[in-house]
Structures are given as C-alpha cells and as structure tokens.
Amino acid sequence: MMKVSQKQASSALHKLIFIVCSISFMAFIAACSTIDTSGKPASGEPKLKVTTTIGMITDVVQQIGGDHVAVTGLMKPGVDPHLYKASQGDIQKLDNADVIFYNGLHLEGKMGEIFEKMAKKKTTVAVSEKIDRSKLRSGAEMDSEFDPHIWFDVRHWMQAAESIRDTLIKKDPAHSEDYRKNAEAYLKQLDVLHKEVAEQIKSIPEQSRVLVTAHDAFGYFGDAYGVKVMGLQGMSTASEAGTKDVTDLRDFLVKNKIKAVFIESSVPRKAIDAVIQGAKEKGHELTIGGELFSDAMGEAGTPEGTYLGMVRHNVNTIVKALK
C-alpha cells in the first residue's frame, strides 16, 4: 500500500478547504444577486412602490420602471373599469403606494373621490392629464367632458408614457437615467406600432372599414386610423343598450352589407347577439369577427397581456374579419 506523507496530506487538506470555501463564496454571491419577496433588489435598496388601475397603465409602468419599481395593478383581465368598485384591499394597496397612476377622464368613475383623497397625501397622477384637451373626443354620452379611452390612439398613449416617465424621474431622481433610457426604447416601439396599425387598416376596403362593438370604446381608434366605429352602449357600459339601439344598428348593418361585428373581453355579448339575430331575420348573415380587448388586456404572460400585444391582436382580428 502506498504511504501518504504528512506534507501531501496537508496539501490535499488545503485544496479541499479552498474548494469548499470557493463553493460557499459563489453560493453567497448568487444569493446576494437575487431579489427577495419584500420588493427589495440585491443591494437592499427598496423599490418604488407603484399602484395602478387598468392593465394598460400597469404594463407601461413596468416597461419604464424596470427593476426599480414594484407595481401592483388593481384591475385584472376582463374587468370593466367603468363599473369597478374599490375593495378594502384595494384601498390598502393605494395607501401603501409611493405613487398612484390612474387613467382619469372619469374612466374609473366610481373611484374619483378616492383619488382626490389620495392626492392630498401622496403622488397621484392621471396619465391623461398632459394630453391636449383639443385633441380629445367628447364624452357627452357618458356625462363626462371627454372620452376616456385614450389608449386606442397610440399617439395619445405615447403621451401617457411620457407622463409616467416624468413622474418616476421626479419621485426617484436617483434612477432618472434608467427611466429615461427605458422610456426612450419603449416610445420607439410605440411609434413603430402606430405606423403598423395605420398601414394594416389601409388594407381593408374603404367601404368595409366599419367597426361594430358592444360599447363605443374605439372612437379614438376610428379617428386615428380611418375606421367608422359604432358601439351599442355608447362610451360607458354603465347603462344597457335599448331596443331602438339594437334595431337602428341592425338596419345600418343590413343596408351597408357589413359582414362582421365584434365582441369585447370585458363586456357581455348579449346585445351583440341580439343584433346578429335581428340581421338574420332580415336575411343578412352577420358573423362574430372575433373578440377584441377594449377596457382590459389579456392574461399576464400572453402577448395580449401587454399593451403592444393587445393592440396588435385587435388590429389583426379586425383586418382578418373585414378585409
């Protein structure tokens, strides 16, 4: 049997200790590089806590805020903001936030007083506030000064993104450069999206560019991209469509030989089904062109769960059905 000298044994022991220490050190570094559940990054520096209302705003804050913000969105996929009532848990999330972003223009109609109270004690921003009022559509149909569905004109949503950027920079100047870089990259994507939407809509024959949905959320979309928009319930979903609304819309569709109407992810389809049935009784076949996202985005983790993906889904669905 080969004998091991004391010197060799000592050398082997030192090597073993070195390997064990190296592994322990690497594990320590890996652990330090992760983000814990308390919302703090590796350095222990607390993130800016942001609470938002609709999913479209949540997405923009995540895109611009990046690793420096912890975002909590109140309204999930399929939720109608016109009818949304804040729960006690929502109030707690708003109370815990450093910054609150909401759409404004009475979209979150039942939460107006809450935002007024919150604004007295923390940064509370309507992302629509810097948009030139002369470029906004009238909201008379919903007893509001302006139509709140600004995200359907991508150019308006670019201004909303700029408001979010400016607010984050003011609230957290230490990370202003990151916010600017993130916003610049995202705004470029929005500019590409705007041009893409305009080009796709042009591929639909002009006489077929008629978008019929359950409620008139797509007015800005129609104005921006040359589409006639007709909604059964007006801009808000708070009141149901009446018999005359259904009849008038049915007659228009039959007369103009429009071949498709659309349902919305956040609005019941009952009224649209009545229009389809009415047209059928008149000898005109209407089809469901597909489901559009109007006041809420798709599920998280899907393309439609982002603003960019939601808009592309809507446009692709509209073009496919009306072309």
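Being a predicted model, the structure only gives us computed values, none of them experimental. Along each chain, the written sequence defines residue order, and numbers are assigned to residues from 1. With the structure being a predicted model, the display of local features is reserved for residues of pLDDT at least 70 and the display and counting of side-chain atom pairs for 80 or more, all residues being used for whole-chain, interface and lining totals. Computation of side-chain values covers all heavy atoms of the structure but excludes hydrogens and water.

## Notes on helix 8 (residues 243-255)
In an α-helix, one full turn covers 3.6 residues, which means residues spaced three or four apart are oriented alike.
Alright, step 1. By the criteria applied, helices consist of DSSP H or I runs no shorter than four residues and strands consist of E runs no shorter than two, each listed in order from the N terminus. Residue count minus one, scaled by 1.5 Å, sets the expected span of a helix. Under the 1.5 Å per step criterion, the end-to-end length of helix 8 is 18 Å for 13 residues, consistent within 8% with the ideal 18 Å.
Alright, step 2. Exposure categories follow from relative accessible area, calculated using a 1.4 Å probe and restricted to protein chains: below 20% of the type maximum is buried, above 50% is exposed, and the middle band is partly exposed. Those residues of helix 8 that sit buried are Val-246, Leu-249, Arg-250 and Leu-253. Taken down its axis, helix 8 places every buried residue within 105° of arc, on the same side. Those residues of helix 8 that are exposed and aimed more than 90 degrees away from the buried face are Lys-244 and Lys-255.
Alright, step 3. On its buried face, helix 8 sits against strand 5 (210-213), strand 6 (228-231), strand 7 (260-264) and helix 9 (270-281). Along the arc lie the directions from the helix axis toward the C-beta atoms. For this analysis, residues touch if any pair of their heavy atoms sits within 4.5 Å.

## Regarding the environment of Val-261
Alright, step 1. Structurally, Val-261 can be placed in strand 7.
Alright, step 2. In this structure the C-alpha to C-alpha distance between Val-261 and Ile-288, which are 27 residues apart in sequence, comes to 5.3 Å.
Alright, step 3. Residues in contact with Val-261, not counting those within four places in the same chain, are Val-212, Leu-253, Ile-272, Ile-276, Leu-286, Thr-287, Ile-288, Gly-289 and Gly-290.

## Observations concerning the pairing of strand 5
Alright, step 1. Alternating positions in strand 5 separate into two faces, Val-210 and Val-212 on one and Leu-211 and Thr-213 on the other, with burial throughout.
Alright, step 2. In terms of strand pairing, strand 5 meets strand 6 through four bridges, oriented parallel. The residue of strand 6 that forms the bridge with Val-212 is Met-230.
Alright, step 3. Of the crossover connections in this fold, the one passing from strand 5 over helix 7 (residues 219-225) to the parallel strand 6 is right-handed. Paired strands are those between which DSSP finds at least two bridges. We call a crossover right-handed when, viewed with both strands directed away from the observer, the connection leading from the first strand over the helix to the second proceeds clockwise.

None of the figures reported here should be taken as evidence of function without further support.
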